[in-house]
Every structure is written in C-alpha cells, then in structure tokens.
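These are the residues of each chain, in order.
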Amino acid sequence: ERGESLYRELSHYLRLLGSKELQRLRDRYFGHIERLDYVDAVTLATHFETRLPRYREKFEQAAKENGIDWRLLAAVGYQESHWDNSAVSPTGVRGIMQITQQTARFLKISDRTDPSEAIAGAARYLRSLHGRLPESIQEPDRSWFMLAAYNLGLGHVLDARRLTEQMGDTPDRWLDVRQHLPLLTQPRHYKKLRYGYARGPEAVQYVGNVRTYYDMLVWLTSREEETPVPVDPRPREMRPPKGENPLAIEQPLL
C-alpha cells in the first residue's frame, strides 16, 4: 500500500514537470536564489552586525504597527540603502529608505533623512500598497506585488497585470506578471497601457533582491533564538554523569 501511494505521488509530480504549476512552485521557493554571490552574502551579514542594530528597533516597531514582518521591511531598507542613512541616489533620493520628495509629501514625512520618520513612512506605504492590490491576489504573491509597486508604482504594476492577462497568462500570479514586466519598456506595449513606460526589468530585479535579503535575515535572526550547547573540554572519563552539575550553577554563557 505504501508503495502504491508513493507511486501515485511520483506520477503526480512527473505530470507537473514542465507545467506552469511546477514553475510556480519553483518560483515560490527558489525563484529568487542565486542572486547574491559570496561577497554580497558576507557584506549583508557584516552589516547585520554593524549597521542594523542602530535601526533594528525602529524597523521592529514600524513593522508591528503596520502588520508587516520587520525583516521584510528591513530587507527593503537594505535594498534601498544598505542601511546607510546618509545614502543619496544619483537622482537625489535620500535616506535609509530612499523616499522621494513626492512620496514624502504623500506620507506626510517632514524629514525623509530622519530614520524614524522614513522607516515608519515606508511601513505605512507598504501596508497601503498591500491593501490597494486586487483582492484576488493571494499570498505569497501579494507580498511580491507589493514590493514591485513600492519600486515601480502601483499603476505600472496594474498595467503589467492587464498586459499579462492580454497575453493569456494569470494576472494574479507573480511568476506570470514578472515575465511580462520587462515589456513595459517597449513602445508597442506601453503605449497601449494607461500609465505608459516603466522600468519593468528593474522591478523584477528589485523584488528578487528583497526576497533574497529577507530570506537571509530570517536565517540570521533564527540563529539568535538557538541556545548553544556548552562543550565540556575535559576527557570523557573525567566528565560528571549526564544531568549532574557538580557546581550546582546555571551556565548562562556559551
């Protein structure tokens, strides 16, 4: 009976090979990997120890107030500025969340170079985008659409959904829309859409990067919750029996 069950599951998997369903599964769990090399990973881990502590409480508080995983909010901040509040983009966008003047006015941010204001404003903006997306978009795709809208603007993301539907694909699936976002740079496509030209390829890269940073932050923070097992350096024959503490004290370190 167990063999027959395994055979049925294997047959179902093989039928998925090459299908859109398998592509969506791959994208959900592996669609953003291999975007960072060793140096990028080490850099993020270093900044996790040196830069993030200055802003972590702000990320946690803003995310809590807006129902967002603080690590996703921090991942957006890392993509925007590498958690460097003095960062300035070539177009003059400033601060840890790289908020434009127009967005700052919309979010009622008086000083976009103030980390507290910028992080709180970015969290509100993400929550707003998440809520304004069509209800038909489910998680986790909804979060990836939210990130794309943060980078590109909600109107352009909605245009990409329309284009995706016109192409015969599913507009509620990030995998499908991601494939069509680059077409927003082509006149024969964007001229027929409401919001026109957009840097679609950049949005695809943006979402992939943030997803990768988020996964790394999840891994790094999960290590904080682990309780290391103390290692007794004495030879085995000199160690006390298991469960016995000869000094009758706790071991708060290690």
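Residues numbered from 1 in each chain as written. Predicted model: local features only at pLDDT ≥ 70, side-chain atom pairs only at ≥ 80, totals over all residues. Heavy atoms only, no water.

As for the overall build of the protein
Move 1: Secondary structure summary: the protein contains 12 helices and 0 strands in total.
Move 2: The N-to-C order of helical and strand elements in the protein reads α-α-α-α-α-α-α-α-α-α-α-α.
Move 3: Pairs at least 24 apart in sequence give 55% of the contacts found in the protein among residues at least 6 apart.
Move 4: A total of about 15700 Å² of accessible surface is found on the protein, and carbon and sulfur atoms cover 51% of it. (Helix = DSSP H or I, 4+ residues; strand = E, 2+ residues; numbered from the N terminus. Contact = heavy atoms within 4.5 Å. Areas by Shrake-Rupley, 256 points an atom, 1.4 Å probe, with all protein chains shown as cover.)

Let's talk about the packing of aromatic side chains
Move 1: Enumeration over the complete set of coordinates arrives at 6 aromatic pairs.
Move 2: Between the aromatic rings of Phe 145 and Trp 174, the centroid separation amounts to 5.6 Å while the plane-to-plane angle is 80°, which identifies the pairing as edge-to-face. With Phe 145 in helix 8 (residues 141-152) and Trp 174 in helix 10 (residues 174-180), this residue pair connects regions lying 29 residues apart in the sequence.
Move 3: You can call Phe 145 buried: its relative accessible area is 0%.
Move 4: One aromatic cluster in this structure is built from Tyr 78, Trp 83 and Tyr 213. (Phe/Tyr/Trp six-rings, centres within 6.5 Å; stacked < 30°, edge-to-face > 60°. Buried < 20%, exposed > 50% of the residue type's maximum accessible area, 1.4 Å probe, protein only.)

What about unusual backbone geometry?
Move 1: Note that the residue after Glu 139, namely Pro 140, is joined by a cis bond; omega there is 5°.
Move 2: Following the sequence through the fold, Pro 140 ends up in the loop between helix 7 (115-132) and helix 8.
Move 3: Backbone geometry at His 82 places phi at a positive 55°, although glycine is not the residue there.
Move 4: Summarising the element assignment, His 82 is placed in the loop between helix 5 (70-81) and helix 6 (101-106).

Focus on the pattern of salt bridges
Move 1: Applying the stated criterion across every chain, the model contains 6 salt bridges.
Move 2: Its salt-bridge partner being Arg 56, residue Glu 60 comes within 2.9 Å of it at the nearest N-O pair. On the criterion of helical spacing, the pair formed by Glu 60 and Arg 56 is a turn pair, its members being 4 residues apart in helix 4 (residues 52-66).
Move 3: For Glu 60, a relative accessible area of 32% corresponds to the partly exposed category.
Move 4: Judged by relative accessible area, Arg 56 falls into the partly exposed class, the value being 21%.
Move 5: One salt bridge connects Glu 224 with Arg 56, and the closest N-O pair in it is separated by 2.8 Å. A residue pair is termed long-range when its members are at least 10 positions apart, and Glu 224 in helix 12 (residues 200-224) and Arg 56 in helix 4 qualify at 168 residues.
Move 6: When salt bridges that share partners are traced, they join Arg 56, Glu 60 and Glu 224 into one network. (Salt bridge = Lys/Arg side-chain N within 4 Å of Asp/Glu carboxyl O.)

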